[in-house]
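What follows is each chain in one-letter form.
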Amino acid sequence: MIGIVATLTVQPGKQADIEAIFADLAARVRADEPGNVFYQLCRSRESDTTYKVLELYQDQAAVEAHRTSPHFRAAGPLLGAVLAAPPVIELLDAV
């Protein structure tokens, strides 16, 4: 399995926007991506503008299916409008 942790820094005042974007995106990921095991947006307790997306996929093919899915691509411009910096992506191998 492959884990991904995406750290997102949101513009001040855009927290409700990113949470709404991810509520829709997560529902689509869970419904339309059978290779996705876990997909959850979490807000930092230390900074109200820092979020982490915790993701777990069965294999690399499932990661690619996520990255190329219509719902993930459609979310890109919406996320770009609320982020203060590019996402920081960490790839992990499950043990």
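This write-up is about the structure you can find in this document. Note that this is a predicted model, so its numbers are computed, not measured.

Here we take up the overall build of the protein. A tally of regular secondary structure across the protein gives three helices and four strands. From first element to last, N terminus to C terminus, the protein shows the α and β order β-α-β-β-α-α-β. With the principal axes as the frame, the protein shows a C-alpha extent of 35 × 30 × 20 Å. When the 95 residues of the protein are sorted by exposure, 37% land in the buried category. Sequence-distant contacts in the protein: of pairs separated by 6 or more residues, those separated by 24 or more amount to 67%. Carbon and sulfur atoms provide 57% of the accessible area of the protein, an area that totals close to 5,700 Å². For the protein, the distance from the average site of its 8 positive side-chain charges to the average site of its 12 negative ones is 4 Å.

Time to look at the sheet that holds strand 2 (residues 36-43). The four strands are arranged 2-3-1-4 in an open sheet whose pairing can be described as antiparallel. Of all strands in the sheet, those bounded by a partner on one side alone are strand 2 and strand 4 (88-93). Strand-to-strand, the axes of this sheet are offset by a mean angle of 15 degrees, without reference to chain direction. Here six bridges tie strand 1 (residues 2-9) to strand 4, and the two strands are oriented antiparallel to one another. Opposite Ile4, over in strand 4, you have Leu91 as the bridge partner. Here helix 1 (residues 15-32) sits on the sheet and contacts strand 1, strand 2 and strand 3 (50-57); the angle it forms with strand 2, its principal contact strand, is near 170 degrees.

Before going further, it helps to examine the nonpolar core. Counting 22 residues, the largest nonpolar core has Leu8, Ile18, Phe22, Tyr39, Val53 and Leu79 as its most contacted members. For this core, the element with the highest residue contribution is helix 1, accounting for six residues. When residues no more than four places from it in sequence are discounted, the contact partners of Leu79 are Ile18, Ile21 and Phe22.

This part covers the pattern of salt bridges. Throughout the structure, instances matching the rule amount to three salt bridges. The salt bridge partner of Glu19 is Arg43, with a shortest N-O separation of 2.7 Å. A residue pair is termed long-range when its members are at least 10 positions apart, and Glu19 in helix 1 and Arg43 in strand 2 qualify at 24 residues. Residue class for Glu19 comes out partly exposed when judged on its relative accessible area of 32%. The partner of Arg67 in a salt bridge is Glu64, with the nearest N and O atoms 3.4 Å apart. With Arg67 and Glu64 both in helix 2 (residues 60-67), this residue pair falls three residues apart, about one helical turn.

The rules behind each value
- Each chain carries its own residue numbering, running from 1 in the direction its sequence is written.
- Whole-chain, interface and lining totals are the exception, using all residues; otherwise, since this is a predicted model, local features are given only for residues with pLDDT of at least 70 and side-chain atom pairs are given and counted only at 80 or more.
- Side-chain measures here rest on the full set of heavy atoms in the structure, leaving out hydrogens and waters.
- Here a strand is any run of E in DSSP of at least two residues, a helix any run of H or I of at least four, and the numbering for each starts at the N terminus.
- Burial classes follow relative accessibility: with a 1.4 Å probe on protein chains only, a residue under 20% of its type's maximum area counts as buried, one over 50% as exposed, and anything between as partly exposed.
- In this analysis, two residues are considered to be in contact whenever any of their non-hydrogen atoms come within 4.5 Å of each other.
- Each accessible area is a Shrake-Rupley estimate made with a 1.4 Å probe; only the visible protein chains count as cover when residues are assessed.
- Charge convention: Lys and Arg are scored as positive, Asp and Glu as negative, and His as well as the terminal groups of each chain are ignored.
- Throughout, a charge is located at the NZ atom of Lys, the CZ atom of Arg, the CG atom of Asp or the CD atom of Glu.
- Each pair of strands is called paired provided DSSP finds at least two bridges between the two strands.
- Working convention: axes come from line fits to C-alpha atoms, limited for helices to the stretch in contact. Angles between N-to-C directions cover 0 to 180 degrees.
- Residue types Ala, Val, Leu, Ile, Met, Phe, Trp, Tyr and Cys, when buried and joined through side-chain atoms within 4.5 Å, form a set referred to as a nonpolar core.
- The term salt bridge refers to a side-chain nitrogen of Lys or Arg lying within 4 Å of a carboxyl oxygen of Asp or Glu.

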